[in-house]
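Fold and geometry: a report
These are the residues of each chain, in order.
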Amino acid sequence: MRKRLITPTPETVRSRAEGWLDVERAAIVEITSEEKDFPVESIFVSGETRGWRAAKPDTQTIRLVFDQPQRLKRISLVFEENETARTQEFVLRWSSDGGDSFREIVRQQWNFSPPQTIREVEEYQVELPNVTVLELIIVPNVSGGTARASLKSLRLS
């Protein structure tokens, strides 16, 4: 399943309150799947939300295709897992040529062990000029199984 939200935007659209990029206005969001009650839109909203969760247990992708090239300086990711002990891997990468080629920002694994370790918070200071596509690829459990990818929050500035 893929989602697209298309609206005209200024070159740089920022949320005034927090300095975060207003992704809903600045990009088309493409996803490989989503559970009905956990839509991808919720990862871009400030405050307590359920976040996004995949509808199926395999590798998932969240791709932001920007209307105008963006200069990114900070990327914030928050993952939560309250139920299943698992080792998750994610790759964050970007493109300046519309997705023809990508450069990796980070590749990382994290062990969730509920109820003790349920939250992974990642903050990256970056200097990425002319970003046209930002892609997050999540392998929910490197050992396989039925765990589904999820993401509580994604913020960019």
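Keep in mind that this is a model prediction, so the values were computed, not measured. (Residues numbered from 1 in each chain as written. Predicted model: local features only at pLDDT ≥ 70, side-chain atom pairs only at ≥ 80, totals over all residues. Heavy atoms only, no water.)

1. Notes on the overall build of the protein
What the protein contains, in helices and strands, is 1 helix and 8 strands. Traced from its N-terminal end to its C-terminal end, the protein shows the element sequence α-β-β-β-β-β-β-β-β. Counting over 157 residues, the protein shows a buried share of 46%. Here the analysis covers contacts within the protein between residues at least 6 apart in sequence; of these, 72% occur between residues at least 24 apart. Accessible surface computed for the protein: about 8,100 Å², of which carbon and sulfur atoms make up 46%. (Helix = DSSP H or I, 4+ residues; strand = E, 2+ residues; numbered from the N terminus. Buried < 20%, exposed > 50% of the residue type's maximum accessible area, 1.4 Å probe, protein only. Contact = heavy atoms within 4.5 Å. Areas by Shrake-Rupley, 256 points an atom, 1.4 Å probe, with all protein chains shown as cover.)

2. Description of the layout of surface pockets
What the largest pocket holds in volume is close to 350 Å³. Those elements giving two or more residues to the lining of the largest pocket turn out to be β2 (52-53) and β7 (150-151). By residue class, the composition of the lining of the largest pocket is 4 nonpolar, 5 polar and 7 charged. (1 Å grid on protein atoms, 1.4 Å probe; cavity = no way out; pocket = protein on both sides within 12 Å on 5 of 7 lines; lining within 4 Å. Points joined across faces, edges and corners; volume = space filled by probe spheres on them. Nonpolar A, V, L, I, M, F, W, Y, C, P; charged D, E, K, R; others polar.)

3. What to know about the confidence of the model for the protein
Per-chain confidence: the protein averages 90 in pLDDT, with 89% of residues scoring 70 or above. By mean pLDDT, helix α1 (residues 23-26) is the weakest element of the protein at 94, and strand β4 (residues 86-95) is the strongest at 98. (pLDDT = per-residue confidence, 0-100.)

4. Remarks on the packing of aromatic side chains
This model, assessed by the stated rule, comprises 2 aromatic pairs. Pairing Trp-110 with Phe-112 gives two aromatic rings, centres 6.5 Å apart and planes at 65°, and the pair type is edge-to-face. Its relative accessible area of 26% is what places Trp-110 among the partly exposed residues. The ring of Phe-38 has Arg-50 sitting right over it, with the charged end atom 5.0 Å from the ring centre. (Phe/Tyr/Trp six-rings, centres within 6.5 Å; stacked < 30°, edge-to-face > 60°. Lys NZ or Arg CZ within 6 Å of the ring centre and 35° of its normal.)

5. What to know about the environment of Val-45
Within the secondary structure, Val-45 sits in the loop between β1 (27-31) and β2. Of the residues examined, Val-45 reaches a relative accessible area of 36% and is grouped as partly exposed. Note: C-alpha distance between Val-45 and Arg-155 (110 residues apart in sequence) is 8.8 Å. Residues contacting Val-45, with those up to four places away along its chain left out, are Glu-24 and Arg-155.

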